[in-house]
Structures are given as structure tokens and as C-alpha cells.
Amino acid sequence: MSTPTVLSKRFQLGDRIAAGGMACVFGGETVVDGDPLGGRPLAIKVLHDHLAENGDFVRMFRDEGNIAARFEHTNVVRVYAVGEDNGRHYMVMDRIFGSNLAQVLLAYRKRRRRVPKAAAFEILRQMLSALVYVHGFKGNGGRRLGIVHRDISPHNMLLSIDEKVRLTDFGIARGSHRSDQTRTGTIKGKLHYMSPEQARGKRVDARADLYALGAVAWELFTERPLLQADRTEALQARVMSGEFDLKSKKFDALGEDLQAWLRKSLAVAKEDRWQSAEAMQAALGNVKGASSSRFKTGTLARLLDILDEPA
């Protein structure tokens, strides 16, 4: 069945922005006079029809929307509504005009150019701000929900023309907000950015997200993924064992303080990593050149310009 152009007599679907294995994302707007979201550019994520018949996927989709709708942070994509219309499940979010970091990194690699270090630091600062908020998020009773995103990667970091970096896609996030809990032994996430314990199917905590952000940082500063392999099985084996070598000419050129920050971020044993997003954030602030006072307006927006340049 085709997706209706209006959902719940409130949200008008527009152009398709993106499509993934679980859902499609459309541009959208409200069609109700006086709607609180009137005039705001929206993105509407719609669960694929064939998955709407699977209770597990529906619960996962609802859980994602329901927890994200409670977040209010400048570095987390805002979700305004979660609903269902004639068997079609959707969530309504802020529309972010820009691109995800994965597309930007690919464009830089194709053109053999480096992401400016000031921009890399700013991306990490904003993502750590998001993780401090998400990891510390409390439920109605004032207790932390223990949220772990579990899919921190460049694909889920949105760079916008307003110079913000926003975390999105809480579809596999773990926490007490979920109506179902991932069983130990179940592997979810992107292997290139996955902590060793997550790749082994072990129970994870916030330190798995910090490792993943460390892997993103490695890619930002060295222009290559932390781990690569021809086959998924080989990649998973390398991730689980922590088989990677941080030595390279580009790593050596980063400076001792940034090298130390990366080594601790990417420690195989979670006990040897930063123990919280706050600690990782504070340590980044002490890295030479990472001070926010050095960041110039327009630096992040200019990153997006490379997408319009010939490869």
C-alpha cells in the first residue's frame, strides 16, 4: 500500500528525504489551522508497511519515538509526535537542513582533503554535550533511565546549516524506557564504531557510546575508519579482540595530548576508558587547540560546501 499524503488529518507528507531498512523519512508540515507546529519545517519518519505487521519492530519504533519526544536539547533532534494512522506508524521531528557526517566524511575522502581540526573538535564538543544529556536523562521519578544510544556513528550525526550537530536515531537505544529489552548475545549497531563488549553481545553501558565516539574522532582526525576488513565476520572478530594499531603518520602528527585522549577513548577494556561523557568532555577541553574560544563562526557550515564540489 502506498503511504497516505496526510497522516491523522494533521501532517502533510512532502518529498522523500531518506530511506533505510526500517523506515522512510519525508519532508512535511501541518495542515491544521492554529497547530502549534504550524509553519515549522518537519521531517516525518514512517515505518515500512511490511514491518508494521511485526510487533517487535512496531514496539522498537514506538520506543524510539516516545523517548526521543521527551528530549529537549540543542544537540538532539527534536521529536514532536508519535502516532499511527490506519496501521501506519510515524514520528514527527524537526527537519534538519544539511547532511549527516558520514556523507561529509566520504566527500572529503574522495577529494583527498582533510576535515579542518577546528571543525572536528567542534563536532566532538557538541556530540559530547548531547551524550552528557542523554546518559543523564531522568524519568518522572527522578531516576536516571540508563539510556545508551548503541549506534553512535557518523550516519546518526546531522550537520546543519545553522552550525549545530544533532544526534538522531534512538531506534536501538537501551534503557529502562524500553517496552522490550535486548537479550544478551544480540548484536545491534554498526561494527566500524562498535565497542568490543557490544560486538561480543555483552550488556553495555554508557562507556560503549564513548568508545563509539572515540572511533568517530579517530576518523575525523586521521581520515580513515578505525577498523576495516573485507568480510563482516573478520571485522567483527577484529572489533571483539580490539585488534587495531593506533600507530600511523597521521596519528603521530596529532600531538601528545590528543593522542592520549584518543587512546583512552578507544581502550579495549571499558574500565580503562573515560568513565562518563562529562569526564571525556572535560578532558577534550584540555587538549591543545580544542578550546571553544578558537572556534570561528561558519566553520561547520563550510563543511557542507564540499558536497556541492566536483569529486
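What you see is a predicted model; the values in this text were computed from it and never measured.

Analysis parameters
Residues numbered from 1 in each chain as written. Predicted model: local features only at pLDDT ≥ 70, side-chain atom pairs only at ≥ 80, totals over all residues. Heavy atoms only, no water. pLDDT = per-residue confidence, 0-100. Helix = DSSP H or I, 4+ residues; strand = E, 2+ residues; numbered from the N terminus. Contact = heavy atoms within 4.5 Å. Salt bridge = Lys/Arg side-chain N within 4 Å of Asp/Glu carboxyl O. Buried < 20%, exposed > 50% of the residue type's maximum accessible area, 1.4 Å probe, protein only. Phe/Tyr/Trp six-rings, centres within 6.5 Å; stacked < 30°, edge-to-face > 60°. Lys NZ or Arg CZ within 6 Å of the ring centre and 35° of its normal. Pairing = 2+ DSSP bridges. Axes fitted to C-alpha atoms, helices over the stretch in contact; angles between N-to-C directions. Parallel < 35°, antiparallel > 145°, perpendicular 65-115°, else oblique. Left-handed = near helix turned anticlockwise from the far one by under 90°. Nonpolar A, V, L, I, M, F, W, Y, C, P; charged D, E, K, R; others polar.

Draft legend 1. Region of interest: the confidence of the model for the protein. Per-residue confidence for the protein gives a mean pLDDT of 89; residues scoring 70 or more make up 92%. Of all secondary-structure elements in the protein, the lowest mean pLDDT belongs to helix 6 (residues 232-241), at 79, while strand 9 (residues 165-167) reaches the highest, 98. When the criterion is pLDDT under 50, residues 181-185 qualifies, and its contacts beyond four places in sequence or with other chains add up to eight contacts.

Draft legend 2. Region of interest: the pattern of salt bridges. Scanning the model with the defined rule gives 18 salt bridges in all. One salt bridge in this structure joins lysine 45 and glutamate 64, with 3.0 Å as the shortest N-O distance. Remark: glutamate 64 occurs in helix 1 (residues 55-68) and lysine 45 occurs in strand 4 (residues 42-47); sequence separation between them is 19 residues. A single burial state applies to lysine 45 and to glutamate 64, both of which are buried. The salt bridge partner of aspartate 151 is lysine 190, with a shortest N-O separation of 2.9 Å. One end of the pair, aspartate 151, is in the loop between helix 3 (117-135) and strand 8 (157-160); the other, lysine 190, is in the loop between strand 9 and helix 4 (196-199), and 39 residues separate them in sequence. With relative accessibility at 9%, the residue aspartate 151 sits in the buried group. Each member of the salt-bridge network shares a partner with another, and the members are Lys45, Glu64 and Asp169.

Draft legend 3. Quick peek at the packing of aromatic side chains. By the definition in use, this model includes seven aromatic pairs. Pairwise contacts between aromatic rings join Phe71, Tyr133, Phe137 and Phe170 into one cluster. Lying over the aromatic face of tryptophan 274, lysine 264 brings its terminal NZ or CZ to 5.2 Å of the ring centre.

Draft legend 4. Just the pairing of strand 8, in detail. Of the two faces of strand 8, the one carrying Met157 and Leu159 and the one carrying Leu158 and Ser160 are both buried. In terms of strand pairing, strand 8 meets strand 9 through three bridges, oriented antiparallel. Paired with leucine 159 across the two strands is valine 165, which belongs to strand 9. The antiparallel hairpin formed by strand 8 and strand 9 contains four residues in its connecting segment, where glutamate 163 sits at a positive phi of about 70°.

Draft legend 5. Broad picture of the sheet that holds strand 1 (residues 6-7). If you walk across this open sheet you meet the six strands as 1-2-3-4-6-5, and the pairing is antiparallel. Of all strands in the sheet, those bounded by a partner on one side alone are strand 1 and strand 5 (79-85). As defined by bridge partners, strand 4 adjoins strand 6 (residues 88-94) across five bridges and the pair is classed as antiparallel. Counted as the bridge partner of leucine 42 is aspartate 94 from strand 6. The strands touched by helix 1 within the sheet are strand 3 (23-30), strand 4, strand 5 and strand 6, with strand 6 carrying the most contacts at an inclination of about 25°.

Draft legend 6. Main features of unusual backbone geometry. Residue glutamate 163 is not a glycine yet carries a positive backbone phi of 70°. Along the chain, the position of glutamate 163 falls in the loop between strand 8 and strand 9.

Draft legend 7. Examining the sheet that holds strand 7 (residues 98-100) more closely. Taken together, three strands build an open sheet; the order of strands is 7-8-9 and the sheet is antiparallel. Each edge of the sheet is formed by a strand with only one pairing partner; in this case those strands are strand 7 and strand 9. Ignoring which end each strand starts from, the neighbouring axes of this sheet average 25° apart. As paired strands, strand 7 and strand 8 are joined by three bridges and run antiparallel to one another. Looking at strand 8, one finds that asparagine 100 is bridged to leucine 158. Of the strands in this sheet, strand 7 and strand 8 are in contact with helix 2 (residues 101-110), which crosses strand 7 at around 85°.

Draft legend 8. Representation of helix 2 in the model. Those residues of helix 2 not exposed but buried are Leu101, Ala102, Val104, Leu105, Ala107 and Tyr108. Just downstream of helix 2 lies arginine 112, where phi reads positive at about 55°.

Draft legend 9. Spatial organisation of the environment of alanine 68. Note that alanine 68 resides in helix 1. Classification of alanine 68 as buried rests on a relative accessible area of 4%. Along the backbone, alanine 68 and threonine 168 are 100 residues apart, and their C-alpha atoms lie at a distance of 8.7 Å.

Draft legend 10. Representation of the packing of helix 5 (residues 206-222) against helix 8 (residues 256-265). The contact between helix 5 and helix 8 brings their axes to 8 Å, and the two run at 140°. As far as their axial angle goes, helix 8 and helix 5 are oblique. The interaxial crossing formed by helix 5 with helix 8 has left-handed handedness. Together, Leu210, Tyr211, Gly214, Ala217, Trp218 and Phe221 of helix 5 and Leu258, Trp261, Leu262 and Ser265 of helix 8 make up the contact between the two elements. Residue classes in the contact of helix 5 with helix 8 are distributed as eight nonpolar, two polar and no charged.

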